[in-house]
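Spelled out, the chains give:
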Amino acid sequence: MSAPNKSYDPVEVEALKPEEIERLRDEAIAAFAAATGLDALHEAKVAHTGDRSPLALANREIGALPPAAKAAAGKLVGAARGAVNKALAERRVALEAERDARVLVEEAVDVTLPYDRAPRGGRHPLTTFAERLMDVFTAMGYSVAEGPEVEAEWLNFDALNMGPDHPARSTQDTFFLKDADSVVLRTHTSGVQIRSLLAAAEPPVYVICPGRVFRSDELDATHTPVFNQVELLAVDEGLTMADLKGTLDHMVASLFGEGISTRLRPNYFPFTEPSAEMDMVCFVCRGESVGNPDRPCRTCSSEGWIELGGCGMVNPRVLVACGIDPNKYSGFAFGFGIERMLMFRHNVEDMRDIVEGDVRFTLPFGMEI
Ligand code: PHE
């Protein structure tokens with residue numbers, strides 16, 4: 001019977017020779033030292049400590065050793081791997097510190113440098129005011145309608161009960177186009193209302209029409225040949241002047257504050273019947289300057305009222321021109337100029353300031369959206 005085989009010569013495994021393990025250890029440490037960045041260090045880490053690295057493979061060989069040889073070999077490889085991991089960790093700390101120092105230098109922001117001095121500008125109050133106005137009406141269900149600035153004479157005049165010989169046709173200071181027949185630079189945005197009526201198969205039609213209009217005026221403190229208008233049109237069954245008045249009151253209260261209302265004074269427009277001039281309560285003195293010399297009001301010249309624009313019930317002849325039965329439907333309309341509205345709303349004293357586009361004028365109005 002043979003005794004347990006305890007005394008044998010350990011098999012010399014090539015990969016586990018101390019010189020070889022030390023060489024692998026030194027090779028790994030040298031590779032980490034040679035890595036100049038964190039990416040390179042990661043590659044060296046995979047090569048020298050990964051599952052397929054020579055030291056990991058050597059570690060695996062230990063299992064195949066006879067029991068008596070395992071402890072010494074384990075110690076040898078363990079010490080080498082410990083040294084490698086320590087070197088790796090130290091190199092990583094060093095490289096991270098280097099990177100942080102570099103980032104601090106390269107990405108430093110000098111907060112004392114002058115900032116971007118390109119001026120920001122401001123949205124023009126004509127735009128922001130028109131948008132505000134659109135908001136009031138879209139909230140009530142109106143659609144915004146726009147049309148061309150060069151308009152057919154028929155849409156600018158004829159359909160609005162201003163035939164070729166109608167005296168009102170000459171009161172609008174029209175620009176005619178030199179080489180084109182029957183077109184004009186629109187004198188109001190009423191043509192857009194006609195377009196909306198023609199486009200609708202059948203009322204109801206509720207539209208608000210903002211846009212640039214043209215009249216042959218000289219540019220001065222209170223006139224400009226190009227200005228902006230907002231006109232409104234509602235056509236439905238059973239609309240009356242009370243609806244017009246309620247709409248106007250709601251508009252001025254929304255734009256100028258609770259308690260500001262409107263009044264109507266008889267007037268004449270070919271496209272509305274009856275027609276009226278509309279005034280609003282002065283939003284500065286609310287009428288208190290009237291007959292009160294101690295409290296004069298510059299905004300309304302102490303009249304208590306500010307003139308807004310024209311309005312009225314749509315003339316049945318306009319409805320007929322658009323193929324709408326005036327016995328079934330009625331409508332109301334109004335229109336006013338936005339520049340004028342801005343002048344009294346913001347105490348702008350000269351119309352030229354509004355049209356010249358100087359940023360020093362728009363900036364104080366800020367970035368109201
Ligand atoms: N279209 C008229 C103008 O430009 C304004 C207006 C519109 C008047 C609607 C009454 C009704 O002068």
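Residues numbered from 1 in each chain as written. Predicted model: local features only at pLDDT ≥ 70, side-chain atom pairs only at ≥ 80, totals over all residues. Heavy atoms only, no water.

Bringing the site of the ligand into the picture now. Looking at the ligand, there are 13 residues lining it, with H188, S190, R215, Q229 and E231 nearest. Contact between the ligand and H188: a nitrogen atom at 3.0 Å from a side-chain N or O atom of the residue. Taking S190, its side chain carries an N or O atom lying 3.2 Å from a nitrogen atom of the ligand. Taken by itself the ligand offers 320 Å² of open surface, and the protein chains cover 92% of this. At three residues, the largest contribution of residues to the shell around the ligand is made by strand β10 (residues 330-337). For the shell around the ligand, the residue count by class is five nonpolar, six polar and two charged. (Near = heavy atom within 4 Å. Polar contact = N/O pair within 3.5 Å; in protein donor to acceptor, adjacent residues only side chain to side chain. Areas by Shrake-Rupley, 256 points an atom, 1.4 Å probe, with all protein chains shown as cover. Helix = DSSP H or I, 4+ residues; strand = E, 2+ residues; numbered from the N terminus. Nonpolar A, V, L, I, M, F, W, Y, C, P; charged D, E, K, R; others polar.)

The strand order across the open sheet built from three strands is β2-β4-β3, with neighbouring strands paired in antiparallel fashion. Each edge of the open sheet carries a strand with a single partner, namely β2 (150-152) and β3 (175-176). (Pairing = 2+ DSSP bridges.)

Right, let's get into the packing of helix α5 (residues 125-138) against helix α8 (residues 241-256). If you want to describe how two helices pack, look at the angle between their axes and the distance between the axes. At a minimum axis distance of 10 Å, the contact between α5 and α8 shows a crossing angle of 130°. With respect to each other, α5 and α8 are oriented oblique. Remark: the crossing between α5 and α8 carries right-handed chirality. Where α5 abuts α8, its residues F129, R132, L133, V136 and F137 lie against T247, H250, M251, S254 and L255. (Axes fitted to C-alpha atoms, helices over the stretch in contact; angles between N-to-C directions. Parallel < 35°, antiparallel > 145°, perpendicular 65-115°, else oblique. Left-handed = near helix turned anticlockwise from the far one by under 90°. Contact = heavy atoms within 4.5 Å.)

Strands sit in the order β1-β5-β6-β10-β9-β8-β7 across an open sheet of seven strands; the sheet is mixed. Two strands bound the open sheet, and with one partner strand each, they are β1 (143-144) and β7 (262-269). The sheet contact formed by β7 and strand β8 (residues 272-281) spans seven bridges and is antiparallel. From the neighbouring strand, N267 faces β8, where its bridge partner is S275. The strands touched by helix α7 (residues 190-199) are β5 (205-214), β6 (226-236) and β10; relative to β6, the strand with the most contacts, the crossing angle is about 30°. Against the sheet, α8 contacts β7, β8, β9 (305-314) and β10, and its axis sits at roughly 35° relative to β10.

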